Amino acid sequence: MLTIEELVKDTQSRLDFQWLAGTEAAATIELDNGVASADLIGHLNLIHPKRIQVLGTEEINYYYKFDPARRLYHFTELIHGGVPAMIVAGSSQAPADLIDLCNQLHVPLLNTQHDAAELIDVLRVYLAKRLAPTTLMHGVFLDVLGLGVLITGESGLGKSELALELISRGHGLVADDAVELSRTAPSLIEGQCPPLLQNLLEVRGLGLLDIRTIFGETSVRRKMNLKLIVHLLRSTPDNFERLPIQQQTQNVLGVEIKQVMLQVAAGRNLAVLVEAAVRNTILHLRGIDTMQEFMQRQALAIIESSPPTSS
């Protein structure tokens, strides 16, 4: 849920809004959470009334081309259609009769000196993040070699101990235990830590550790994009593929994220394995698939070793 009052408060330092009318209604008018951010705000459009209407220089000139009766008709229809707010952008002055109409019908009307195109760009980015689909996942979220890595697995497998070892090797902590994930773009998942748990890592036997205080400023990250999930297993399942031909993925908020599975066993250096998995993922993102290259090499070797066929 997002109200016009919250939108103005969150973007005030960037856009320097001034209230012209309808202040009292701003706390109750909500933006539709199920609509794409591009449809929530745009230049003046009488056909789509349920978006924040932006009036730049061209729109104000268009407004003045109507006689007063037509202005009243069109904007009354627009307001009754459910417009959440109107913003006059740029150097244009808001028409006095529009201010009076918004006051009468309790519609928020704002003004900013930023031009209309810049205003729409800023608010679309803000709305995309503010209204993005979100979920909460259990695990430890880290920055490993510049890649967002989520370590998952059942309780007691040593996720936090593994994270502590990775942090001691120079990598960064984003979140422990509870990770807030949001889809900020069609194929982008962003993860961050809830404010209550920020910079904290729980390790069995040691309790809560303030990673930022112990390891320094560079040991924590505010947020990262999720690119890899490392799932820890107590034992290897019967159907576990030693050399998986197809890349394993996990669906997170409608986006397929690469997943690797590591068995927790005595003598295994999981930190090194996680770093290797990250390096391999980076190669894969660059278009280098080691498994496919090996299969091609093997196929070529079979062809070369095959005896020639008799004619």
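About the criteria used
Residues numbered from 1 in each chain as written. Predicted model: local features only at pLDDT ≥ 70, side-chain atom pairs only at ≥ 80, totals over all residues. Heavy atoms only, no water. Pairing = 2+ DSSP bridges. Helix = DSSP H or I, 4+ residues; strand = E, 2+ residues; numbered from the N terminus. Axes fitted to C-alpha atoms, helices over the stretch in contact; angles between N-to-C directions. Contact = heavy atoms within 4.5 Å. Salt bridge = Lys/Arg side-chain N within 4 Å of Asp/Glu carboxyl O. Buried < 20%, exposed > 50% of the residue type's maximum accessible area, 1.4 Å probe, protein only. Expected span 1.5 Å × (residues − 1). Polar contact = N/O pair within 3.5 Å; in protein donor to acceptor, adjacent residues only side chain to side chain. Arc of directions from axis to C-beta. 1 Å grid on protein atoms, 1.4 Å probe; cavity = no way out; pocket = protein on both sides within 12 Å on 5 of 7 lines; lining within 4 Å. Points joined across faces, edges and corners; volume = space filled by probe spheres on them. Nonpolar A, V, L, I, M, F, W, Y, C, P; charged D, E, K, R; others polar. pLDDT = per-residue confidence, 0-100. Phe/Tyr/Trp six-rings, centres within 6.5 Å; stacked < 30°, edge-to-face > 60°.

> Sorry if this is basic, but what is going on with the sheet that holds strand S2 (residues 41–43) here?
Pairing between the strands of a sheet comes from backbone hydrogen bonds, and it takes one of two forms, parallel or antiparallel. Strand order in the open sheet formed by 5 strands is S1-S5-S4-S3-S2, and the pairing between neighbours is mixed. The open sheet terminates on both sides in strands that have one partner only, identified here as strand S1 (18–21) and S2. In this sheet, adjacent strand axes meet at a mean angle of 30 degrees when their direction is disregarded. With 3 bridges joining them, S1 and strand S5 (residues 109–112) adopt antiparallel strand pairing. For Ala21, the partnering residue across the bridge sits in S5 and is Leu109. The strands touched by helix H2 (residues 57–65) are S2, strand S3 (52–55) and strand S4 (86–89); relative to S3, the strand with the most contacts, the crossing angle is about 85 degrees. Seen against the sheet, helix H5 (residues 116–130) touches S2, S3, S4 and S5 and runs at an angle of roughly 165 degrees to S2.

> Quick question: what am I supposed to make of the pattern of salt bridges here?
Side-chain pairs of opposite charge can arise whenever the charged atoms involved come near each other. Scanning the entire structure with this criterion turns up 9 salt bridges. The salt bridge partner of Arg130 is Asp10, with a shortest N-O separation of 4.0 Å. With Arg130 in helix H5 and Asp10 in helix H1 (residues 4–15), this pair connects stretches of sequence that are 120 residues apart. Arg130 gets classed as partly exposed once you look at its relative accessible area, which sits at 34%.

> Would you mind going over the side chain of His74 with me for this structure?
Inspection of the secondary structure puts His74 in helix H3 (residues 68–80). Setting aside anything within four residues of it in sequence, one finds His74 in contact with Leu46 and Phe66.

> What am I meant to see in helix H9 (residues 290–305) here?
Because each turn of an α-helix spans 3.6 residues, side chains separated by three or four positions end up pointing in the same direction. Between its terminal C-alpha atoms H9 stretches 22 Å, which fits the 22 Å expected from 16 residues at 1.5 Å a residue. One side-chain oxygen of the residue at the start of H9 lies 3.2 Å from the amide nitrogen of Met291, identifying that residue as Asp289.

> I tried to follow the pairing of strand S10 (residues 200–203) on my own but got confused; where do I start?
On a regular strand, one side chain projects to one face of the sheet and the next to the other, so that they alternate. Residues of S10 alternate between two faces, with Leu201 and Val203 buried on one and Leu200 and Glu202 left unburied on the opposite face. As defined by bridge partners, S10 adjoins strand S11 (residues 207–210) across 4 bridges and the pair is classed as antiparallel. Each bridged residue has a counterpart across the sheet, and for Leu200 the counterpart in S11 is Asp210. Remark: 3 residues form the turn of the hairpin made by S10 and S11, two consecutive strands paired antiparallel; Gly205 in that turn has positive phi of roughly 95 degrees.

> Looking at this structure, how should I read the environment of Ile282?
With respect to the helices and strands, the residue Ile282 is situated in helix H8 (residues 270–285). In this structure the C-alpha to C-alpha distance between Ile282 and Leu228, which are 54 residues apart in sequence, comes to 9.9 Å. Excluding its chain neighbours within four sequence positions, the residues that come into contact with Ile282 are Leu145 and Leu147.

> What am I meant to see in H5 here?
With 15 residues, H5 should cover 21 Å at 1.5 Å per step; its first-to-last C-alpha distance of 21 Å lies within 8% of that length. Inspection of H5 places Ala116, Leu119, Ile120, Val122, Leu123, Tyr126 and Leu127 among the buried residues, and these make up the whole buried set. In a view along the axis of H5, the buried residues occupy a sector of 165 degrees, so they form one face of it. Those residues of H5 hidden inside the fold are in contact with H1, S2, S3, S4 and S5.

> Just to check I follow, could you spell out the environment of Ser160 for this structure?
Summarising the element assignment, Ser160 is placed in helix H6 (residues 159–168). Between the C-alpha atom of Ser160 and that of Gly139, which follows or precedes it by 21 residues, the distance is 8.5 Å. When near neighbours in sequence (up to four residues on either side) are disregarded, Ser160 contacts Val140, Asp176, Leu201, Glu202 and Val203.

> Is there a simple way to explain the layout of surface pockets in this structure?
Unfilled space is identified by rolling a water-sized probe across the atoms. What the largest pocket holds in volume is close to 840 Å³. Of all the elements in the fold, those that place two or more residues in the lining of the largest pocket are strand S14 (255–263), H8 and H9. The leading source of residues in the lining of the largest pocket is S14, at 6 residues. Looking at the lining of the largest pocket, its residues break down into 13 nonpolar, 10 polar and 5 charged.

> I keep staring at the confidence of the model for the chain and nothing clicks. Help me out?
In low-pLDDT segments, the atomic positions of the prediction should not be examined closely. In the predicted model, the chain carries a mean pLDDT of 90, and 96% of its residues have values of at least 70. The weakest mean pLDDT in the chain belongs to H9 at 85; the strongest belongs to strand S7 (residues 147–152) at 97.

> Could you clarify how one ought to interpret the packing of aromatic side chains in this entry?
Under the criterion given, the structure shown has 3 aromatic pairs. Ring centres 4.9 Å apart and planes at 70 degrees place the aromatic pair Tyr62 and Phe66 in the edge-to-face group. With relative accessibility at 39%, the residue Tyr62 sits in the partly exposed group. The buried category is assigned to Phe66, whose relative accessible area is 8%. Ring centres of Tyr63 and Phe75 lie 4.9 Å apart, and the angle between their planes is 75 degrees; on these two criteria the pair is classed as edge-to-face. One end of the pair, Tyr63, is in helix H2; the other, Phe75, is in helix H3, with 12 residues separating them in the sequence. You'll find Tyr63 and Phe75 in the same group, each marked buried. An aromatic cluster of at least three residues, connected via ring pairs, comprises Tyr63, Tyr64 and Phe75.

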